[in-house]
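# Remarks on the overall topology
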Amino acid sequence: MPLELRQLRYFVAVAEEKHFGHAAIRLHMTQPPLSQTIQALEQMLGTPLFVRTKRSVALTPAGMALLPEAQRILQQAAALPDLAQRAASGGSGLLSLSFISTADYSILPPLLHRFRARYPQVRIDLREATTDIQLEDLILDKIDAGLLLPPLSDKTRAVLDYLPVLSEPLLAAVPKGSAVLTTKGPLTLKALAELPLIIFPRRISPAFHDTILGCFRDAGATPHIGQEAIQMQTIVGLVSAGMGMALVPQSVSNLKRPGVEYRPLRDAAPLIETGLAWRRDNASPVLRALLAMLREPAAAIR
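Predicted model, so just to flag it, every value in this text is computed and none were measured. (Residues numbered from 1 in each chain as written. Predicted model: local features only at pLDDT ≥ 70, side-chain atom pairs only at ≥ 80, totals over all residues. Heavy atoms only, no water.)

## Concerning the overall build of the protein
Within the protein, the secondary structure is distributed over 11 helices and 12 strands. For the protein, the C-alpha radius of gyration of 32 Å lies well beyond 19 Å, the compact-globule estimate for 302 residues. Residues counted as buried form 45% of the 302 residues belonging to the protein. Accessible surface, the protein as shown: approximately 15,600 Å² in total, 55% of it carbon and sulfur. (Helix = DSSP H or I, 4+ residues; strand = E, 2+ residues; numbered from the N terminus. Rg over C-alpha atoms; globule rule 2.2 N^0.38 Å. Buried < 20%, exposed > 50% of the residue type's maximum accessible area, 1.4 Å probe, protein only. Areas by Shrake-Rupley, 256 points an atom, 1.4 Å probe, with all protein chains shown as cover.)

## Observations concerning the nonpolar core
In this structure, Leu-192, Phe-216, Leu-247 and Leu-276 are the most contacted members of the largest nonpolar core, which totals 74 residues. Element by element, the count of residues in this core is highest for helix α11 (residues 285-294), at 7 residues. Residue contacts for Leu-192: discarding those within four places in its chain leaves Ala-172, Val-174, Val-180, Leu-187, Phe-216, Met-245, Leu-247 and Leu-265. Judged by nonpolar contacts, the second largest core, of 20 residues, contains Ala-13, Val-14, Leu-27 and Ile-38. (Core = buried A, V, L, I, M, F, W, Y, C linked by side-chain atoms within 4.5 Å. Contact = heavy atoms within 4.5 Å.)

## Focus: unusual backbone geometry
Note that the residue after Pro-150, namely Pro-151, is joined by a cis bond; omega there is 5°. Topologically, Pro-151 is positioned in the loop between β5 (145-148) and α7 (154-157). At Lys-18, a residue that is not glycine, the phi angle is positive and equals roughly 55°. Looking at where Lys-18 falls in the secondary structure, it is placed in the loop between α1 (5-17) and α2 (20-26).

## Points about the pattern of salt bridges
Throughout the structure, instances matching the rule amount to 11 salt bridges. Note that Arg-26 is salt-bridged to Glu-17, the shortest N-O span being 3.3 Å. Of the residues examined, Arg-26 reaches a relative accessible area of 37% and is grouped as partly exposed. Residue classification places Glu-17 among the partly exposed residues on the basis of a relative accessible area of 31%. Arg-279 serves as the salt-bridge partner of Asp-281, at 2.9 Å between the closest nitrogen and oxygen. Here Arg-279 falls in the buried class, since its relative accessible area comes to 13%. Taken together, the salt bridges that share partners define one network made up of Glu-16, Glu-17 and Arg-26. (Salt bridge = Lys/Arg side-chain N within 4 Å of Asp/Glu carboxyl O.)

## Here we look at the sheet that holds strand β10 (residues 246-249)
Paired through backbone hydrogen bonds, the strands of a sheet run either parallel or antiparallel to each other. The antiparallel open sheet is built from 3 strands, whose spatial order is β10-β7-β11. In the strand order of this sheet, the two ends are held by β10 and β11 (260-264), each with one partner. Geometrically, the sheet is characterised by an average inter-axis angle of 40° between neighbouring strands, direction not taken into account. Across 5 bridges, strand β7 (residues 170-175) lies against β11 in antiparallel orientation. Each bridged residue has a counterpart across the sheet, and for Pro-175 the counterpart in β11 is Val-260. (Pairing = 2+ DSSP bridges. Axes fitted to C-alpha atoms, helices over the stretch in contact; angles between N-to-C directions.)

Now the structure itself:
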């Protein structure tokens, strides 16, 4: 016969009260059925749990060993309803979230701070990955959501949903000491085209790659691509080394590197958008909690 929580509850009451009568009052029952339940528990375990005399009740060595474990089990059982309710509402569980490197300088830190403050019981598995890798992982259901660069292809839109989170302008990251920095203020793309361009490979983020080259084309300039790199910190590091210039989202200016100066552009440039993508069929309550938070007006980060 399996052990019942009721038997453990009766055992703990007697052990803590050290008196069957007092334990019966605490349990809102009469003493005879309490005594019978304890006797049945001892028979099931094959050993006495109490030393009984007319005046006192004391735990046997077996009873002393059982008491802390029984108390722990009862505490865990009492917590189960709250645990289930938190899991159902997204208050506990696991969130696997991927992010592009630029998000680390903009949306990711405040997003994590707000989410962890609201849902401290949720475990977050963070993975830095480029947009193409994130889309593949989302299609294969390896992650819950990803902070990435749009647009999504027709193929991915058939499976994924997308929520814009942040829009920001492009800035120029230029090596200090460069001739284009002899004047103060915004820089023209024609002047910047004199320097080698450091850029994301097109296979990694076609839209971002084409947006940057489109800026130069619209300004009547043709840049020379000097280097390609898949991480924003690598791109800025190459600028710091004097290998060329780069057009980067404004938030990347939070990445301070010696030898790099950030300047706004004089030419009109499109905004760079970062958004959250997730599988439409993902029913995770934790994911739904994240989406609800992002959709709140106060969650907007500009």
